[in-house]
Amino acid sequence: MISHKIRKNYIISIINACEFDDAFIIELNKLYLKYKNYKKVLDITNLTNIDYKFIYFANKNKIKLINRSSSNFLKLFLTHSDKYVKIYNTEHDLLTNNIIVKRRLKLCS
């Protein structure tokens, strides 16, 4: 299930499910057609399964992400997707443009 809210010039869609599937893509595309003039943001805090389909969808549509889950951030980091999408920790960080990528992880051996 997807809920949404409008903040400033952003349409923030909140995914309230564990997995991202084709039904979400259809629903989000309809929502984005309705709100063409807004910047797209997905809150993926509740999402536990991030796959290639989700990453491709976010990159292709230039969607910003809100993520409070460290496991999601780690998945995005390990797939190098955090280099291509803007990730914010909270909605407040989004509105103040405080990108989490500035605090990017490093792998050390």
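Whatever comes next refers back to the structure up there.
It should be emphasised that the depicted structure is a prediction, and the values quoted were computed from it without experimental measurement. (Residues numbered from 1 in each chain as written. Predicted model: local features only at pLDDT ≥ 70, side-chain atom pairs only at ≥ 80, totals over all residues. Heavy atoms only, no water.)

Chemist: Explanation requested: the overall build of the chain in the structure shown.
Modeler: What the chain contains, in helices and strands, is four helices and five strands. The helix and strand sequence of the chain, counted from the amino end, reads β-β-α-β-α-β-α-β-α. Against the 2.2 N^0.38 benchmark of 13 Å for 109 residues, the chain shows a C-alpha radius of gyration of 13 Å, consistent with a compact globule. By its C-alpha atoms, the chain is 45 × 30 × 20 Å across when sized along the principal axes. Of all 109 residues assigned to the chain, the portion counted as buried reaches 42%. Long-range contacts, defined as pairs at least 24 residues apart, comprise 52% of the intrachain contacts of the chain with a sequence gap of at least 6. For the chain, the separation between the mean place of its 20 positive charges and that of its 9 negative charges on side chains is 10 Å. (Helix = DSSP H or I, 4+ residues; strand = E, 2+ residues; numbered from the N terminus. Rg over C-alpha atoms; globule rule 2.2 N^0.38 Å. Buried < 20%, exposed > 50% of the residue type's maximum accessible area, 1.4 Å probe, protein only. Contact = heavy atoms within 4.5 Å. Lys, Arg positive; Asp, Glu negative; His and termini not counted. Charge placed at Lys NZ, Arg CZ, Asp CG, Glu CD.)

Chemist: Sorry, what's going on with the sheet that holds strand E3 (residues 39–43) here?
Modeler: Each strand in a sheet pairs with its neighbour through backbone hydrogen bonds, running either in the same direction (parallel) or in the opposite one (antiparallel). Read across the open sheet, the five strands follow the order E1-E2-E3-E4-E5; overall the sheet is mixed. Because the sheet does not close on itself, it has two edges, and the strands there are strand E1 (2–7) and strand E5 (87–88). As defined by bridge partners, E1 adjoins strand E2 (residues 10–15) across six bridges and the pair is classed as antiparallel. Along E2, the bridge assignment pairs serine 3 with isoleucine 14. Together, E1, E2 and E3 form the strand contacts of helix H1 (residues 22–34), whose direction differs from that of E2 by roughly 160°. (Pairing = 2+ DSSP bridges. Axes fitted to C-alpha atoms, helices over the stretch in contact; angles between N-to-C directions.)

Chemist: What should I look at first to understand the packing of aromatic side chains in this one?
Modeler: How two aromatic rings sit relative to each other is set out by the distance from centre to centre and by the angle between their planes. Overall, the coordinates contain five aromatic pairs when judged by the stated rule. A centroid spacing of 5.7 Å and a plane angle of 75° characterise the contact between tyrosine 35 and tyrosine 38, whose relative ring orientation is edge-to-face. Judged by relative accessible area, which is 29%, tyrosine 38 ranks as partly exposed. Ring pairing ties together the aromatic residues Phe20, Phe24, Phe54 and Phe57, which thus form one cluster. (Phe/Tyr/Trp six-rings, centres within 6.5 Å; stacked < 30°, edge-to-face > 60°.)

Chemist: Would you mind going over the environment of isoleucine 66 with me for this structure?
Modeler: Structurally, the position occupied by isoleucine 66 is in strand E4 (residues 64–66). Placed 26 residues apart in sequence, isoleucine 66 and histidine 92 show a C-alpha to C-alpha distance of 9.8 Å. Aside from chain neighbours lying at most four places away, what touches isoleucine 66 is Ile12, Val41, Leu42, Asp43, Ile44, Thr45, Tyr88, Asn89, Thr90, Glu91 and Leu94.

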